[in-house]
2 protein chains.
Amino acid sequence: MATTLPSPADAEAPTPAFSPLYQQIKGLILQSLQAGEWRPGEAIPSEMELAARFRVSQGTVRKAIDELAADNLVVRRQGKGTFVATHAERQVQYRFLKLMPDTGDQATEGPAERRVLDCRRMRSTAEVARALALRSGDAVVQVRRTLAFGGTPTILEELWLPGNAFKGITAEQMAGYHGPTYAMFELEFGVRMVRAEEKIRAVAADAAAAGLLQVPAGSPLLSVERVAFTYNDVPMELRRGLYRTDTHHYRNDLS
Amino acid sequence: MATTLPSPADAEAPTPAFSPLYQQIKGLILQSLQAGEWRPGEAIPSEMELAARFRVSQGTVRKAIDELAADNLVVRRQGKGTFVATHAERQVQYRFLKLMPDTGDQATEGPAERRVLDCRRMRSTAEVARALALRSGDAVVQVRRTLAFGGTPTILEELWLPGNAFKGITAEQMAGYHGPTYAMFELEFGVRMVRAEEKIRAVAADAAAAGLLQVPAGSPLLSVERVAFTYNDVPMELRRGLYRTDTHHYRNDLS
DNA sequence: GAGTGGTCTAGACCACGCG
DNA sequence: GCGTGGTCTAGACCACTCA
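Residues numbered from 1 in each chain as written. Chains lettered and ligands numbered in written order. Predicted model: local features only at pLDDT ≥ 70, side-chain atom pairs only at ≥ 80, totals over all residues. Heavy atoms only, no water.

Student: Explain the sheet that holds strand 4 (residues 99-101) of chain A here, please?
Tutor: Note: strands within a sheet are paired through backbone hydrogen bonds, in either parallel or antiparallel orientation. A sheet is described by the order of its strands in space; here eight strands give the open sequence 4(A)-11(A)-8(B)-9(B)-10(B)-7(B)-6(B)-5(B), paired in antiparallel fashion. This sheet does not close on itself; its edge strands, each paired only once, are strand 4 of chain A together with strand 5 (113-123) of chain B. Strand-to-strand twist in this sheet, taken as the mean axis angle between neighbours without regard to direction, amounts to 25 degrees. Here strand 9 (residues 220-229) of chain B runs beside strand 10 (residues 235-243) of chain B; their pairing, made up of eight bridges, is antiparallel. Note on strand 10 of chain B: the bridge partner recorded for Glu 225 of chain B is Arg 240 of chain B. (Pairing = 2+ DSSP bridges. Helix = DSSP H or I, 4+ residues; strand = E, 2+ residues; numbered from the N terminus. Axes fitted to C-alpha atoms, helices over the stretch in contact; angles between N-to-C directions.)

Shown next as structure tokens:
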């Protein structure tokens, strides 16, 4: 049946290489997600509906959705439906933040206290442009802020965002929103971060960082450089964080 | 059919809670893996054979194996079969080592040059015992070594292994084996590491570490504390590494 | 009780690897 | 050409949620 499929599905397969039907369906659902057909947190159509729309069996749709769920683009809830993933959910406060208090976890610790130091538009340097797939000199927004836990400043970070997608962002918006920053990005700018890559190093605190994080100059800090991506691997944020690791640690699970 | 299954499968379900058939099958295959019915790198029986053995359909076995493959316990190869995962494979040199050269990757860099500083049996401290789920004073093996890339010492690490499982391990074994240490553990001791947890911090190099890594005392280093587990979440290694991050970085992908 | 995702089956056919 | 895993289907039934 895969080769004799009518129009909708295999119209999407420009590669002669062979792509399973469920992959094509996955691609189509992905396009709808990208296009904003369903908003973050909303339910997507049921498996039966999608099967009817694409003229395939429920099992094929199921396998497509299975992969989307494995990629964290979508969340299944038995008896209720399948929902577009969002950063604005109770579950884990900060999905991409792997810094944990040495005792307890993110949940026991409560939300971070944010302090925005700076938020301004500027022209991107060559380095920032490369990370964000822009041209040097394109408009970017730079944000600098600290995050504190229980009164102790723990993270100092600098964000760069493409000026185009984040027109009109303000320090008040960055500071005022209650909840993850990425949830604010979804709500206010329609930008959904889906995946990220981090490069981690140990560095010595310079005078400025030391002051803001209330540690002696030269103290070892964790440097975390993150590039976050929306759909289709489009980079939408460069973030450089300095973490204190005297009361917290970066946790990672390998398998 | 799930409720009327004959002996083999639901003899394994002590929980009345409801466990899908394929989960029970997964558990049974896992037991065989654990028991060493098939050695690392070997093929396990085909889906049809397993389906016949367990008296379920091929689809159910498939779903069980899908999960084992997702957990990296097993590797599927179309047209050939399904194989027990091993650390002794070309693919990625060091599966659990996330340290990458700033330019290029593990493949371009070639294998690490190992130097074993120390390998001795001792009684475990309370801290080591806790991590390895032993009692304080139980026998453990401590290994200290450095890894260098292109002549530059980059990693200084200390390993603790349960003395029981690693009887008779020698410095020569640690140094002499060509390939990942975890592959040597599989071959020589039948211990297969399946999963690990890491806690990462930034620390200042003490005099000893600075000397061995050829950096000034007080230099920032990445401290990586790893607990590695075999099947059933049994901890089998505690490892504390210090990484230079002037030419390398710890890479992590989030989703 | 209706609707959703989750499980299980049986059978057909496809892509791949290897002799 | 055979055996392996991979895809696709259709239909039955189960577990969960909510009105």
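Student: How should I be thinking about the packing of helix 2 (residues 21-35) of chain B against helix 3 (residues 47-54) of chain B in this particular structure?
Tutor: Helix-helix packing is described using two parameters, namely the angle between the two axes and the distance between the axes. All names here are of chain B. Axis separation between helix 2 and helix 3 bottoms out at 12 Å; the angle between their running directions is 105 degrees. One finds that helix 2 runs roughly perpendicular with respect to helix 3. Here Ile 25, Leu 28, Ile 29 and Ser 32 of helix 2 lie close against helix 3, whose contacting residues are Leu 50, Arg 53 and Phe 54. By residue class, the composition of the contact of helix 2 with helix 3 is five nonpolar, one polar and one charged. (Parallel < 35°, antiparallel > 145°, perpendicular 65-115°, else oblique. Contact = heavy atoms within 4.5 Å. Nonpolar A, V, L, I, M, F, W, Y, C, P; charged D, E, K, R; others polar.)

Student: Is there a simple way to explain the relation of the copies chain A and chain B in this structure?
Tutor: Put simply, the second copy of the chain is the first one after a rotation about an axis and a shift along it. Of the two same-sequence chains, chain A is brought onto chain B (RMSD 0.1 Å, axial shift 0.0 Å) by a rotation of 180 degrees. What we have between these two chains is a two-fold relation. Take the interface residues of chain A: 100% of them recur as interface residues in chain B, which is what a same-surface contact looks like. (Least-squares fit on C-alpha atoms with pLDDT ≥ 70 in both.)

Student: Which parts of the structure should I look at to understand the packing of helix 2 of chain B against helix 4 (residues 58-70) of chain B?
Tutor: Residue and element names in this part refer to chain B. One way to put it is that helix 2 packs onto helix 4 with a least axis distance of 8 Å and a crossing angle of 60 degrees. The pairing of helix 2 with helix 4 is recorded here as oblique in orientation. When the axes of helix 2 and helix 4 are compared, the crossing they make is right-handed. Residue-level inspection shows Leu 21, Tyr 22, Gln 23, Ile 25, Lys 26, Ile 29 and Leu 30 of helix 2 in contact with helix 4, the latter providing Thr 60, Lys 63, Ala 64, Ile 65, Glu 67 and Leu 68. Residue composition of the contact of helix 2 with helix 4, grouped by class: eight nonpolar, two polar and three charged. (Left-handed = near helix turned anticlockwise from the far one by under 90°.)

Student: Where do I start with the protein's contact with DNA strand C in this structure?
Tutor: Near DNA strand C lie 22 residues; those nearest to it are Arg 76 of chain A together with Leu 21, Tyr 22, Thr 60 and Lys 63 of chain B. Per the 4 Å cut-off to the protein, sugar and phosphate atoms form 82% of the nearby atoms of DNA strand C. The contact in question runs from a base nitrogen of DNA strand C to an N or O atom on the backbone of Gly 79 of chain A, over 3.1 Å. Here a phosphate oxygen of DNA strand C sits 3.4 Å away from a polar atom, N or O, in the side chain of Thr 82 of chain A. (Near = heavy atom within 4 Å. Polar contact = N/O pair within 3.5 Å; in protein donor to acceptor, adjacent residues only side chain to side chain.)

Student: Would you mind going over the UniProt feature "domain: HTH gntR-type" (unreviewed entry) in chain A with me for this structure?
Tutor: Per the UniProt record, the feature "domain: HTH gntR-type" (unreviewed entry) sits at residues 19-87 of chain A. Helix makes up 52% of residues 19-87 of chain A and strand 14%. Its end C-alpha atoms lie 31 Å apart. (UniProt positions renumbered as here; feature names shortened; annotations may be inferred.)

Student: Please explain the protein's contact with DNA strand D as it appears in this structure.
Tutor: Around DNA strand D, 22 residues are found, and the nearest of them are Leu 21, Tyr 22, Thr 60 and Lys 63 of chain A together with Arg 76 of chain B. Among all atoms of DNA strand D positioned within 4 Å of the protein, those belonging to sugar or phosphate total 82%. In this structure, a phosphate oxygen belonging to DNA strand D sits 3.0 Å away from a side-chain N or O atom of Ser 57 of chain A. Between DNA strand D and Gln 78 of chain A, the relevant distance is 3.0 Å, taken from a base nitrogen to a side-chain nitrogen or oxygen of the residue. Among the secondary structure elements, those contributing two or more residues to the surface near DNA strand D are helix 2 (21-35) and helix 4 (58-70) of chain A together with strand 2 (74-77) and strand 3 (81-84) of chain B. For the surface near DNA strand D, a count of residues per class yields six nonpolar, nine polar and seven charged.

Student: Help me out: how do you make sense of the sheet that holds strand 1 (residues 43-44) of chain B in this one?
Tutor: All names here are of chain B. In space, the three strands of this open sheet follow the order 1-3-2, with antiparallel pairing throughout. Since the sheet does not close on itself, it has two edges, and those belong to strand 1 and strand 2, each with one partner. Sheet topology places strand 1 next to strand 3; two bridges connect them, and they run antiparallel. Within strand 3, the position partnered with Ile 44 by the bridge is Thr 82. Here helix 4 sits on the sheet in contact with strand 1, strand 2 and strand 3, set at roughly 115 degrees to strand 2.

Student: Sorry, what's going on with the environment of Tyr 182 of chain A here?
Tutor: Residue and element names in this part refer to chain A. For Tyr 182, the position within the fold is in helix 8 (residues 181-189). Classification of Tyr 182 by relative accessible area gives buried; the value is 6%. Residues Tyr 182 and Leu 28, 154 residues apart in the sequence, show an inter-C-alpha distance of 25 Å. Polar side-chain contacts of Tyr 182 include one of 3.0 Å to the side chain of Arg 226. (Buried < 20%, exposed > 50% of the residue type's maximum accessible area, 1.4 Å probe, protein only.)

Student: Teacher, can you tell me more about the domain arrangement of chain A here?
Tutor: Size of an interface: often given as the accessible area lost when the parts come together. All names here are of chain A. Split by domain assignment, chain A resolves into domain 1 (20-84) and domain 2 (95-250). Distance between the C-alpha centres of domain 1 and domain 2: 31 Å. Counting from both sides, the interface comprises nine residues of domain 1 and, opposite them, six residues of domain 2. Around 660 Å² of area is buried between domain 1 and domain 2 when both sides are counted, 55% of it from carbon and sulfur atoms. Looking only at domain 1, the three residues that lose the most surface to domain 2 are Gln 34, Pro 40 and Leu 73, adding up to 53% of its buried area. On the surface where domain 1 and domain 2 come into contact, there are zero salt bridges. For the pair domain 1 and domain 2, the interface holds two residue pairs in polar contact (both at pLDDT 80 or more). Residue classes in the side of domain 1 that touches domain 2 are distributed as six nonpolar, three polar and no charged. (Domains from an automatic or database assignment. Buried area = accessible area lost by both parts, 1.4 Å probe. Salt bridge = Lys/Arg side-chain N within 4 Å of Asp/Glu carboxyl O.)

Student: Please clarify how the side chain of Thr 82 of chain A should be interpreted in this entry.
Tutor: The residue Thr 82 of chain A is located in strand 3 (residues 81-84) in this model. Setting aside its immediate chain neighbours within four residues, Thr 82 of chain A contacts Glu 42, Ala 43, Ile 44, Ile 65, Val 74, Val 75 and Arg 76 of chain A.

Student: What should I look at first to understand helix 4 of chain B in this one?
Tutor: All names here are of chain B. With 13 residues, helix 4 extends 18 Å from end C-alpha to end C-alpha; this agrees with the ideal 18 Å at 1.5 Å per step. All of the buried residues along helix 4 are Thr 60, Val 61, Ala 64, Ile 65 and Leu 68. Along the axis of helix 4, the buried positions cluster into a sector of 130 degrees, meaning they face one direction only. Considering only its buried residues, helix 4 is in contact with helix 2, strand 1, helix 3, strand 2 and strand 3. Within two residues after helix 4, Asn 72 carries a phi angle of roughly 65 degrees, on the positive side. (Expected span 1.5 Å × (residues − 1). Arc of directions from axis to C-beta.)

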